Amino acid sequence: MQGFGDAFAAAFALIVGFDADLMEIVLLSLRVTLSAVALACIIGFPLGAALAVGRFPFRTTLTVLINALMGLPPVVVGLGVYLMLSRAGPFGALGLLYTPTAMIIAQTILVTPIVAALTRQIVADLDTEYHETLRSMGAGRAARIGTLLWDGRFALMTAALAGLGRALAEVGAVMIVGGNIDHVTRVMTTAIALETSKGELAVALGLGIILMILSIVINALLMGARSASERAAYA
Amino acid sequence: MRLTSLLVAATLATPAVADDFIIVQSTTSTANSGLYDAILPEYAKVDDTEIRVVAVGTGQALRNARNCDGDVLLVHAKAAEEAFVSEGYGVSRSDVMYNDFVLVGPSDDPANAKDADTISAALDAIATARALFASRGDDSGTHKKERALWATTTTDPSDASGAWYRETGSGMGATLNIATGMGAYTLTDRATWIAFANKGDMRILFEGDEALFNQYGIILVNPAKCPLIKADAAQSFIDWIISPIGQSAIAAHTRDGQQLFFPNAAK
C-alpha cells in the first residue's frame with residue numbers, strides 16, 4: 001500500500017523539480033477559480049444586498065432559493081452547462097465546450113449562490129444595526145446598499161473566500177465541461193482524479209497536498225491584506 | 001477594489017482559443033496507458049492540427065459524439081460503434097488496433113478461476129463461490145464486454161447485485177482501485193492493467209480465451225448531422241492513424257517492456 005510518506009515525497013519532488021506541467025495546471029486552476037469567484041462577487045454582492053434591504057415581490061422565495069442553491073451538486077451544474085454549451089445545445093455555435101471559459105461559467109454558477117447568500121446575511125445584520133442612522137441621513141436605497149456593502153467589506157471577504165474554497169475544491173463541474181484535456185483544460189482537481197484512476201495514489205495525494213498549500217497561501221495573503229487595510233481603516 | 005479589477009482583467013485576457021484543433025472522444029484505456037502521449041508527438045511532426053483528447057468511458061464518448069461534441073471517436077465496442085454509424089451519427093468506422101481483456105483478482109484466487117478452461121467457466125466459478133466481483137456498471141466498452149461474457153454463463157449476475165456482484169458505476173481505474181481495496185475479481189483491458197500502479201495483491205488470473213478479444217475502432221463524426229465538425233482535419237488524423245506510420249507508432253508504444261496495443265487497420 002502506498003502511504004502518506006510516498007505522497008509527501010511525490011509532492012516535494014513535483015514542487016522542487018518545478019515541474020512544467022504542474023505549473024501549467026496550477027496556473028490554470030488559479031485562472032479559472034479566481035475568475036469565477038470574481039464574477040460571482042460582481043453578481044453576488046449586489047444581489048445579496050438587494051435581497052437584504054430591497055422590497056420587492058417574491059423576495060423571501062428568492063432568498064430561500066439562493067440559500068438552497070448553495071448545496072448545488074457540482075456534477076449537476078456541469079451537466080447543465082454541458083447541455084447549454086454542447087454543439088447540439090443552444091450555445092453550441094460559440095464553441096465554448098472543453099475550454100477554460102466553459103469551466104469559468106460553470107464555477108461562477110456554482111459559487112454565486114454562496115456569495116449572494118452570505119452577503120445577504122452580512123448586509124441584513126448591518127442594516128439592522130445602522131437602519132436608523134441611514135434613515136435619518138435620508139439615504140436612498142441604492143446609497144444604503146452601497147454604504148452597507150462598503151461597511152461590510154471585511155466580512156464580505158469571508159464570503160468570497162467561502163466561494164473560493166468551493167471552486168478550488170470541486171471536480172465534478174470542471175471535469176464535465178472542461179474534459180480534462182492535457183495542456184488545455186486540466187486543473188488540479190481533474191489531475192488528481194486522473195492520477196487516482198491510473199492507480200498513482202501517491203502522485204494524486206501529492207497533488208492534493210499542493211492544492212492545500214495553494215489554498216493556505218491564498219487565504220493567508222487575503223488575511224494579511226485584510227488586517228493591513230483594517231489597521232488603515234481604523235487608525 | 002483594485003484586486004477585483006485585476007481579476008476581471010485576468011478573466012478578459014483569456015487568450016483566444018486557436019481554431020486549428022480537433023476533439024477526440026476517447027475511451028479511458030488508451031489515455032490512461034499513455035498511448036496518446038506516445039503517438040501524438042509523432043502526428044505533430046506531419047500536421048499542425050492539435051489533437052485534444054477527452055477520455056471518458058465508451059458509452060459516454062458515444063453519447064457525447066451523438067451531441068456533436070467531438071470530431072473523432074476512438075472507442076472499443078464494435079456493435080455500438082456500428083450502430084452509431086448506421087444511425088447516421090458517424091461517417092464510417094475503421095479498425096485501428098486490438099489487445100485483450102484479462103480477468104484479474106486477489107492472488108489467493110478464492111474461486112479458483114485460474115484453473116478454468118474458458119472465461120465462461122471462470123466467471124461461473126466466481127458465481128458459484130459467491131466471490132466478490134467488481135463490475136464497471138457504467139455502460140462502457142469493458143462493461144458491455146463483461147455483460148456479454150456473463151450471458152455465455154449459467155449465471156445472471158444482476159440477481160446478485162449488491163451481494164457478491166458489485167456494480168461500481170465508475171471508470172476502469174476507479175473500479176480497479178475498488179477491486180484492490182475489497183479483494184474482488186474484475187475484468188479489465190490489458191493496457192489499463194499493465195499501466196495501473198495500485199495493483200496491491202491483485203494479479204491476472206485468467207487470460208487468453210478468444211472471447212476476450214478487444215477491438216478498438218475509429219469513427220469520423222458525421223458533418224451532415226453536425227455542421228460544426230471539422231471534417232477535413234479529423235479525416236487527416238484518421239488517415240494518419242490507420243496509415244503504416246500511425247500503425248507503427250501504436251506498435252512502438254510499450255509499458256514495462258510490454259506492447260499495449262496491436263495495430264490491425266485494414267491495409
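Definitions and limits used
- Residues numbered from 1 in each chain as written.
- Chains lettered and ligands numbered in written order.
- Predicted model: local features only at pLDDT ≥ 70, side-chain atom pairs only at ≥ 80, totals over all residues.
- Helix = DSSP H or I, 4+ residues; strand = E, 2+ residues; numbered from the N terminus.
- Rg over C-alpha atoms; globule rule 2.2 N^0.38 Å.
- Buried ≥ 20, exposed ≤ 12 C-beta atoms within 10 Å, placed from the backbone.
- Contact = placed C-beta atoms within 7 Å.
- Nonpolar A, V, L, I, M, F, W, Y, C, P; charged D, E, K, R; others polar.
- pLDDT = per-residue confidence, 0-100.
- Core = buried A, V, L, I, M, F, W, Y, C linked by C-beta atoms within 7 Å.
- Domains from an automatic or database assignment.
- Axes fitted to C-alpha atoms, helices over the stretch in contact; angles between N-to-C directions.
- Left-handed = near helix turned anticlockwise from the far one by under 90°.
- Pairing = 2+ DSSP bridges.
- Parallel < 35°, antiparallel > 145°, perpendicular 65-115°, else oblique.

## Quick word on the overall build of chain B
Okay, so step 1: Along its length, chain B carries 11 helices and 12 strands.
Okay, so step 2: Its C-alpha atoms give chain B a radius of gyration of 21 Å, near enough to 18 Å, the size a compact globule of 267 residues would have.
Okay, so step 3: Once the C-alpha set of chain B is aligned to its principal axes, its extents read approximately 60 × 60 × 40 Å.
Okay, so step 4: Residue burial in chain B is summarised as follows: out of 267 residues, 48% are buried.
Okay, so step 5: Long-range pairs, those at least 24 residues apart, make up 76% of the contacts in chain B with a sequence separation of at least 6.

## Observations regarding the overall build of chain A
Okay, so step 1: A count of helical and extended segments in chain A gives 10 helices and zero strands.
Okay, so step 2: Of the regular secondary structure in chain A, the N- to C-terminal order runs α-α-α-α-α-α-α-α-α-α.
Okay, so step 3: Projected onto its principal axes, the C-alpha coordinates of chain A cover approximately 65 × 50 × 30 Å.
Okay, so step 4: In chain A, which comprises 235 residues, the proportion classed as buried is 46%.
Okay, so step 5: Excluding contacts between residues fewer than 6 apart, the proportion of contacts in chain A whose partners are at least 24 apart in sequence is 79%.

## Topic: the interface of chain B and chain A
Okay, so step 1: On the chain A side, the residues contacting the 27 residues of chain B number 28 residues.
Okay, so step 2: Secondary structure elements with two or more residues in the side of chain B that touches chain A: α1 (2-12), β2 (50-55) and α8 (172-182) of chain B.
Okay, so step 3: Ranked by the residues each element gives to the side of chain B that touches chain A, the list is headed by α1 of chain B, at five residues.
Okay, so step 4: Counted by class, the side of chain B that touches chain A contains 15 nonpolar, 10 polar and two charged residues.

## Quick notes on helix α4 (residues 58-66) of chain B
Residues and elements named next belong to chain B.
Okay, so step 1: In terms of burial, α4 is a largely internal element, seven of the nine residues being buried.
Okay, so step 2: Structurally, α4 contributes buried residues whose contacts are with β1 (21-26), β3 (72-75), α5 (78-86), α7 (141-151) and β9 (213-221).
Okay, so step 3: Where α4 ends, the next residue or the one after it, C68, has phi of about 70°, a positive value.

## Description of the environment of Q258 of chain B
Okay, so step 1: By the element assignment, Q258 of chain B lies in strand β11 (residues 258-259).
Okay, so step 2: Note: C-alpha distance between Q258 of chain B and R52 of chain B (206 residues apart in sequence) is 26 Å.

## Quick word on the confidence of the model for chain B
Residue and element names in this part refer to chain B.
Okay, so step 1: Per-residue pLDDT for chain B has a mean of 92; in total, 93% of the residues score no lower than 70.
Okay, so step 2: This stretch, residues 10-18, has a pLDDT under 50; its non-local contacts, to residues over four places away or in other chains, come to 11 contacts.
Okay, so step 3: Note on the complex model: pTM 0.89, ipTM 0.85.

## Side note on the nonpolar core
Okay, so step 1: The biggest cluster of nonpolar side chains holds 147 residues, and the ones touching the most others in it are A106 and V177 of chain A together with V72 of chain B.
Okay, so step 2: A domain split of this core shows at least three residues from each of domain 1 (18-99 + 215-263) and domain 2 (100-212) of chain B.
Okay, so step 3: Ignoring anything within four residues of it in the chain, the contact list for V72 of chain B reads I22, V24, I218, L220, V221, A234, F237 and I238 of chain B.

## Overview of the packing of helix α2 (residues 20-53) of chain A against helix α5 (residues 100-136) of chain A
Two packed helices can be described by the angle between their axes and the distance between those axes.
Okay, so step 1: Running from N to C, α2 of chain A and α5 of chain A cross one another at 35°; their axes reach a closest spacing of 5 Å. Crossing of α2 of chain A against α5 of chain A: the hand is right-handed.

## Quick notes on the domain arrangement of chain B
Residues and elements named next belong to chain B.
Okay, so step 1: Here the domain parsing of chain B yields domain 1 (18-99 + 215-263) and domain 2 (100-212).
Okay, so step 2: Distance from the C-alpha centre of domain 1 to the C-alpha centre of domain 2: 26 Å.
Okay, so step 3: Every contact between the two is made by 19 residues of domain 1 and, on the other side, 15 residues of domain 2.
Okay, so step 4: When contributions to the side of domain 1 that touches domain 2 are tallied by element, the ones reaching two or more residues are α2 (28-32) and α4.
Okay, so step 5: Broken down by element, the residue count for the side of domain 1 that touches domain 2 peaks at three residues, all from α2.
Okay, so step 6: Residues of the side of domain 1 that touches domain 2, tallied by class, amount to five nonpolar, 12 polar and two charged.

## As for the environment of A113 of chain B
Residues and elements named next belong to chain B.
Okay, so step 1: Relative to the helices and strands, A113 resides in the loop between β4 (90-106) and α6 (119-129).
Okay, so step 2: Between the C-alpha atom of A113 and that of F206, which follows or precedes it by 93 residues, the distance is 6.7 Å.
Okay, so step 3: When neighbours within four sequence positions are excluded, A113 is seen to be in contact with L103, G105, A122, A125, I126, Y185, L205 and F206.

## So, the pairing of β9 of chain B
Residue and element names in this part refer to chain B.
Okay, so step 1: Burial analysis of β9 places seven of its nine residues in the buried class, which makes it a mostly covered element.
Okay, so step 2: Where β4 meets β9, eight bridges bridge the pair, whose relative direction is antiparallel. Of the residues in β9, the one forming a bridge with N99 is N214.

## As for the packing of helix α4 (residues 74-85) of chain A against α5 of chain A
Residue and element names in this part refer to chain A.
Okay, so step 1: Contact geometry for α4 and α5: axes closest at 9 Å, N-to-C directions at 135°. Viewed along their axes, α4 and α5 adopt a mutual orientation that is oblique. Once α4 is placed against α5, the crossing between them reads as right-handed. The segment α4 lies against α5, with P74, V77, G78, V81 and L85 engaging A102, I105, A106, I109 and L110.
Okay, so step 2: Classifying every residue of the contact of α4 with α5 gives nine nonpolar, one polar and no charged.

## Let's talk about unusual backbone geometry
Okay, so step 1: You will see that H183 of chain A, though not glycine, has its phi angle at about 65°, which is positive.
Okay, so step 2: Topologically, H183 of chain A is positioned in the loop between α8 (172-178) and α9 (188-197).
Okay, so step 3: The exposure class assigned to H183 of chain A is exposed, which follows from the 11 C-beta atoms found within 10 Å.
Okay, so step 4: At D139 of chain B, a residue that is not glycine, the phi angle is positive and equals roughly 65°.
Okay, so step 5: Examined against the element boundaries, D139 of chain B turns out to sit in the loop between β5 (133-135) and α7.

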